[in-house]
Amino acid sequence: MTTTKVKGAAALPLNTILSGDCIEMMNSLPEASVDLIFADPPYNLQLKGQLHRPDNSQVDAVDDHWDQFSSFAVYDQFTRDWLKAARRLLKPNGAIWVIGSYHNIFRVGSALQDAGYWILNDVVWRKSNPMPNFRGKRFTNAHETMIWASKEEGAKYTFNYEALKALNEGIQMRSDWVMPICTGHERLKDENGDKAHPTQKPEALLHRILVGSTKPGDVVLDPFFGTGTTGAVAKMLGREFIGIEREEAYRKVAQKRIAKVRKFDREALEVSASKRAEPRVPFGQLVERGMLRPGEELYSMNQRHKAKVRADGTLIGDNIKGSIHQVGAHLENAPSCNGWTYWCFKRDGKTVPIDVLRQQIRSEMRN
């Protein structure tokens, strides 16, 4: 991994941190070359003076020069410019995630829609350990908002619904995510022992985003790379990344961090997929390949019924002929039947679901 300045690049500088202005760098990259963008832009916090705790100790707030804009108009123009550059880079079915606070996310959302993006969800990251409101004049600011948008309406963006459901113990993933902010061993420190970056995002947040909205091998761009959380998680999950960061101190921390990351093995990177997304395998293919023989008997899982396999991949049983689904439905006097989960065969005295054979073929098709 290297830090590179790019001018008129003809190819993507994968797994690289680009040094420079994010808009200039994005405009130098090939059009329609990125699958996903995760953007954590300056929040434009408009802080007035220093913030202190009740014991009069100073809060390490975000007061860096990169978060300071002279007016809302200047910030809005900056937002429109980088969103335009980002949209040019996205593939037709690409998508973008933008995270922000109440200071900026509503302005960013409006700019997203004006630029032609199609908003899919807003996701609330609810912090389980937020910083308290020390002045006691407002609610504790305990969440940030992420906007997930496709490049345009009708785009076939990636959404790994089943994988996110599996992450959530079999329950559909909601749009409110409860996670802690960066603390402890995950919080990166500089040479003086201070926070390396004031708004470092937790790896858990990027893990969920990348598992849910990308595939292994996809290219993920982060135009506000900071200390490299996006790159670190992308590398772990077998995604390619491109980072853009103009601050040298952050780039150094990110390089050191990502160099230590090991990619998970191929098997570990596989995630749960929708049954509809898996390759279609006709039952007849099992017969053609000799995995089941014509004349062999199949048994219902409840052992109440049986049927015989025919050479054309249909079944015959109790005066009914048809597909594995049709025969199963008839025998159970049901309007429909999933034959793959209804029928089984016997091998060495054991009962084996025919779906095992289908999954074997699917595994071969994926390799």
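None of the values given here were measured: they were computed from a predicted structure.

Visitor: Looking at this structure, I do not really get the overall build of the protein. What am I missing?
Guide: When helices and strands are tallied, the protein shows twelve helices and 15 strands. Burial status across the protein gives 46% buried among its 367 residues. For the protein, long-range pairs separated by at least 24 residues make up 66% of all intrachain contacts whose partners lie at least 6 apart in sequence.

Visitor: Honestly, the confidence of the model for the protein in this entry has me stumped. Any pointers?
Guide: Caution applies to low-pLDDT parts of the model: their predicted coordinates are not meant to be read in detail. Of all residues in the protein, 89% have pLDDT values of 70 or greater, and the mean over the chain is 87. Low pLDDT, under 50, characterises residues 5-9; the predicted model gives this stretch eight contacts beyond four residues in sequence or across chains. Of the regions scoring below 50 in pLDDT, residues 57-62 engages in 18 contacts with residues more than four places distant in sequence or in other chains.

Visitor: Looking at this structure, I do not really get the sheet that holds strand E10 (residues 297-300). What am I missing?
Guide: Backbone-to-backbone hydrogen bonds pair the strands of a sheet. The strands run either parallel or antiparallel. The antiparallel open sheet is built from six strands, whose spatial order is E13-E12-E11-E10-E14-E15. With partners counted over all chains shown, the strands left at the sheet margins are strand E13 (320-322) and strand E15 (350-353), one partner each. Here the average twist between neighbouring strands, direction ignored, is 35°. Sheet topology places E10 next to strand E11 (residues 306-309); three bridges connect them, and they run antiparallel.

Visitor: Would you mind going over helix H7 (residues 248-259) with me for this structure?
Guide: Helical geometry: 3.6 residues make up each α-helical turn, so side chains three or four residues apart lie on a common side. Over its twelve residues, H7 extends 17 Å from the first C-alpha to the last, a length consistent with the 16 Å expected when each residue adds 1.5 Å. Within the span of H7, buried status applies to Tyr 250, Arg 251, Val 253, Ala 254, Arg 257 and Ile 258. Down the axis of H7, the sector holding all buried residues measures 165°, keeping them to one side. Exposed residues lying more than 90 degrees from the buried face of H7 are Ala 249, Lys 252, Lys 256 and Ala 259.

Visitor: Whenever I open this one, the packing of aromatic side chains confuses me. Can you help?
Guide: Each aromatic ring pair is characterised by the separation of its centres together with the angle its planes make. Under the counting rule described, the total for this entry stands at eleven aromatic pairs. Aromatic side chains Trp 97 and Trp 177 sit 5.9 Å apart centroid to centroid with 45° between the ring planes, which places their arrangement in the tilted category. In this pair, Trp 97 sits in strand E4 (residues 90-100) while Trp 177 sits in strand E7 (residues 176-179), placing the two residues 80 residues apart along the sequence. Taking the centre distance of 6.0 Å and the plane angle of 65° together, the rings of Phe 283 and Trp 340 count as edge-to-face. Within this pair, whereas Phe 283 is found in helix H9 (residues 283-288), its partner Trp 340 is found in helix H11 (residues 339-342), the two being separated by 57 residues in sequence. Trp 340 shares its class with Phe 283; the two are buried. What links up through ring pairs into an aromatic cluster is the set Trp 97, Trp 148, Tyr 157, Phe 159, Tyr 161 and Trp 177. Stacked on the ring of Trp 125, the Lys or Arg Lys 127 has its end atom at 5.2 Å from the ring centre.

Visitor: Is there a simple way to explain the pattern of salt bridges in this structure?
Guide: Proximity of charged atoms lets side chains of opposite charge pair with each other. One pass over the full model with this rule turns up 14 salt bridges. For the salt bridge of Lys 91 with Asp 35, the shortest nitrogen-to-oxygen distance reads 3.1 Å. Of this pair, Lys 91 sits in strand E4 while Asp 35 is found in strand E3 (residues 34-39), placing the two residues 56 residues apart along the sequence. On the accessibility criterion, Asp 35 (17% relative accessible area) is buried.

Thresholds, definitions, all that
Counting restarts for each chain, with residues numbered from 1 along the sequence as it is written. Side-chain atom pairs in this predicted model are given and counted only at pLDDT of 80 or more, local residue features only at pLDDT of at least 70, and totals for whole chains, interfaces and linings cover all residues. Values shown for side chains rest on all heavy atoms present in the structure; no hydrogens or waters enter the calculation. Only DSSP runs of H or I with at least four residues qualify as helices, and only runs of E with at least two residues qualify as strands; both kinds are numbered from the N terminus onward. Note on classification: 1.4 Å probe, protein chains only; a residue is buried when its accessible area is under 20% of the maximum for its type, exposed when over 50%, partly exposed between these limits. Throughout, a contact is declared for two residues whenever any of their heavy atoms are within 4.5 Å. Values of pLDDT, the confidence the predictor places in each residue, fall between 0 and 100. Paired strands are those between which DSSP finds at least two bridges. Note on geometry: axes are lines fitted to C-alpha atoms, helical ones only across the stretch in contact, with angles between N-to-C directions running from 0 to 180 degrees. Expected span, for any helix, means 1.5 Å times one less than how many residues it has. Directions drawn from the helix axis to the C-beta atoms are what define this arc. When the centres of two rings from Phe, Tyr and Trp lie within 6.5 Å, Trp using its six-membered ring, the rings pair. Their planes under 30 degrees apart give stacked, over 60 give edge-to-face, and anything left gives tilted. Criterion for a charge above a ring: Arg CZ or Lys NZ at most 6 Å from the ring centre, at most 35 degrees from the ring normal. By definition here, a salt bridge exists when the distance from a side-chain nitrogen of Lys or Arg to a carboxyl oxygen of Asp or Glu is within 4 Å.

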